[in-house]
Each structure stands twice: as structure tokens, then as C-alpha cells.
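The primary structure of each chain is shown beneath.
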Amino acid sequence: MIYKGVLTKMQTEFLDPIQYYLVFENDFIHMNQLINKTISIKLVGHQCLSCGLDRPIFRQGFCRSCFFEQPTAGDWIMRPELSTAHLGREDRDLEYEKKIQLQPHIVYLANSSNVKVGVTRKSQIPTRWIDQGAHEAIEIVEVPNRYLAGITEVALKDYVSDKTNWRNMLKNDLKDEDLVSWRERLKTHIPEEAKAYFIENNQETNLVFPVEQYPTKPRSLNLSKVQQYQGVLKGLKGQYLIFEDDTVFNIRANEGLVVELDL
Ligand SMILES: [Zn+2]
């Protein structure tokens, strides 16, 4: 059976284990059911997630001009501390920025290969943790806007990483950490403006990914280079498909690619 569509990050459901769905315009593919089956992926084109044109994808699923012009790709997305909607100041489209930035945000600690600090909208918990392949995570601060979350993250980066090592995450080379005690240690470094929003009494969330075999030397599939790949799916973690031959494919990093899947 052949399915054709533009790649967008997999939808997920927080169950034990996590459930993954690839959503195309006309199809909804439950990826967990494909574990231990052969999948072929073929690159057939590109479709910018904003303008819909068949143009090379520049970043985050957008063509170059959309990436630099669309409000959904402003710098404050990747760098929350640059948010200005709380001051009524526009970056690219103030109405859109107010809608996204002026809502509850969470600063969290997540452990996927090491403990890292991150920011997300409250509505994106635990989706954000699933997308990062974190096996444990905890909220530390809940603030009313993106700016406050951003400056908290920047302050905490001096004491905890803000990066994950995707290879270690995929190899399942991990260490359980006591995130409650990490949270207590970091408390004093939260900036004054955000101190009142510290969350005192919550516990770690644990996440279980559907993986039957972890890669020992993960190699990233570059579909633009090879055009086509076939392999046996062994698991799903973060936004990665993990194959039997140690090939891994990051769906999120390939958003905007139009593919044919032969299942
Ligand atoms: Zn575009």
C-alpha cells in the first residue's frame, strides 16, 4: 500500500508506551503498528508548510522566504527571551504574537541523554517532552507569558545544559536523575521576576517509548541525498524512526518533504 503526503511532525498520545501517528492530508498512519515491518520511503518533492509551494525547504519546514517573513517563524520561537508581545511590541504580526506569547508557559527540566532546561507553552506538555525523547521530565516554573519563561531559561543555562545529545538519546544511553532535587538546586538561580512562579510540589513524569531495538551507532538518513530508503522499523523515540540497520530518520527535521511511503 502506498501513501503519499507532506511530512509534518508526528502526532503523539501519552500512553504507556507512547503512540505515534503520521498525519497526511488523506491518511492517518498509526506508526506503532509498523514496528517490525519493512517500510520504504521515497522523496518525491517539497511543500513549504506555510505557502505550500514546491520550493527547497530552508528551516522548520518553511521555504527561505516564509522562514524570514512569516510570524510563525520569528526569532522568539527559538529564543523565547526575545518575546515582546507583553510590551505590546510587534516582531512580525502582533496579533499572532499576543495569541502565542501571552499564555501560560512552562520552564521544565527534561532528561533525554542528560538533564536540560527548556521552555514550552503549557498546552504543549507532555507533547514537547515526547518530541525530545525525554524519559523523565518535571515542570519547575509556570509563568503567564513567553518572555518570563525565556529569561528564566537563559538564567538557568549557566547551571544546566540546554541541549540534548540525540545520539545518546537514541542509543538509550541514559542515566536516571532525581529531577526533584535538580529543581531544588536550581531554585536560587531563577530570576527575581519569575521567582513567584516556582512550582514547589510536583513529581517527575516518566515516559516510555515504543522501541524494540536501540541502535548502537545511529546514522541519520538524509533523504535529499539518497532519494529512497527501505528498512525494518524497530522503534519510535522523540520524533525519530529507528530502523534495524541503525538508520534513524528524524521526521521533525524533515518537515516539508513530500514522500511516498510503501508499507
Ligand atoms: Zn513558503
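Keep in mind that what you see is a predicted model, and the values were worked out from it rather than measured.

Parameters at a glance
Residues numbered from 1 in each chain as written. Predicted model: local features only at pLDDT ≥ 70, side-chain atom pairs only at ≥ 80, totals over all residues. Helix = DSSP H or I, 4+ residues; strand = E, 2+ residues; numbered from the N terminus. Buried ≥ 20, exposed ≤ 12 C-beta atoms within 10 Å, placed from the backbone. Contact = placed C-beta atoms within 7 Å. Pairing = 2+ DSSP bridges. Axes fitted to C-alpha atoms, helices over the stretch in contact; angles between N-to-C directions. Domains from an automatic or database assignment.

Undergrad: Sorry if this is basic, but what is going on with the overall build of the protein chain here?
TA: Across its full length, the protein chain holds 9 helices and 14 strands. The dimensions of the protein chain, computed from C-alpha atoms along their principal axes, are 55 × 40 × 25 Å. Sorting the 263 residues of the protein chain into buried and exposed places 33% on the buried side. Of the contacts made within the protein chain by residues no fewer than 6 positions apart, 67% connect residues no fewer than 24 positions apart.

Undergrad: Would you take a moment to explain the sheet that holds strand S3 (residues 19–23) for this structure?
TA: Note: strands within a sheet are paired through backbone hydrogen bonds, in either parallel or antiparallel orientation. Pairing within the open sheet is antiparallel, and its 3 strands lie in the order S2-S3-S4. Every other strand in the sheet has two partners, leaving strand S2 (11–13) and strand S4 (28–30) as the edge strands with one partner each. Direction aside, the axes of adjacent strands within the sheet are offset by 25° on average. Across 3 bridges, S2 lies against S3 in antiparallel orientation. Of the residues in S3, the one forming a bridge with Glu-13 is Gln-19.

Undergrad: Just to check I follow, could you spell out helix H5 (residues 146–156) for this structure?
TA: Spacing of three or four residues puts side chains on the same side of an α-helix, whose turn is 3.6 residues. Counting buried positions over the 11 residues of H5 gives 9, a clear majority of the element. Residues of H5 that are buried: Arg-146, Tyr-147, Leu-148, Ala-149, Gly-150, Ile-151, Thr-152, Glu-153 and Leu-156.

Undergrad: I tried to follow the domain arrangement of the protein chain on my own but got confused; where do I start?
TA: Often, the extent of an interface is quoted as the loss of accessible area upon association of its parts. Domain boundaries assigned for the protein chain yield domain 1 (2–67 + 211–262) and domain 2 (105–206). For domain 1 and domain 2, the distance between their C-alpha centres works out to 26 Å. Listed as interface residues are 15 residues of domain 1 and, on the opposing side, 11 residues of domain 2.

Undergrad: How should I be thinking about unusual backbone geometry in this particular structure?
TA: The bulk of non-glycine residues show a negative phi, and the bulk of peptide bonds are trans. In this structure, Pro-17 follows Asp-16 across a cis peptide bond, with omega equal to 0°. Relative to the helices and strands, Pro-17 is located in the loop between S2 and S3. A cis geometry characterises the amide bond from Ile-125 onward to Pro-126, with omega recorded as 5°. Along the polypeptide, Pro-126 turns up in the loop between strand S7 (115–121) and helix H4 (127–132). Of note, the phi angle at Gln-60 is positive, near 50°, even though the residue is not glycine. Mapped onto the elements, Gln-60 comes out in the loop between strand S5 (38–46) and helix H1 (64–69).

Undergrad: Looking at this structure, how should I read the sheet that holds strand S1 (residues 2–6)?
TA: The 7 strands are arranged S1-S14-S5-S11-S12-S13-S10 in an open sheet whose pairing can be described as mixed. This sheet does not close on itself; its edge strands, each paired only once, are S1 and strand S10 (219–220). In the sheet, strand S12 (residues 240–243) pairs with strand S13 (residues 247–250) via 3 bridges, with the strands oriented antiparallel. Paired with Ile-242 across the bridge in S13 is Val-248.

Undergrad: How should I be thinking about the pairing of S5 in this particular structure?
TA: Within a regular beta strand, the side chains point alternately toward one face of the sheet and then the other, so they alternate between its two faces. Pairing of S5 with strand S11 (residues 228–237) involves 5 bridges; the strand directions are antiparallel. Bridge pairing in S11 places Ser-40 opposite Gln-230. With 6 bridges connecting them, S5 and strand S14 (residues 257–262) associate as antiparallel partners. When the sheet's bridge partners are listed, Ile-41 is paired in S14 with Leu-261.

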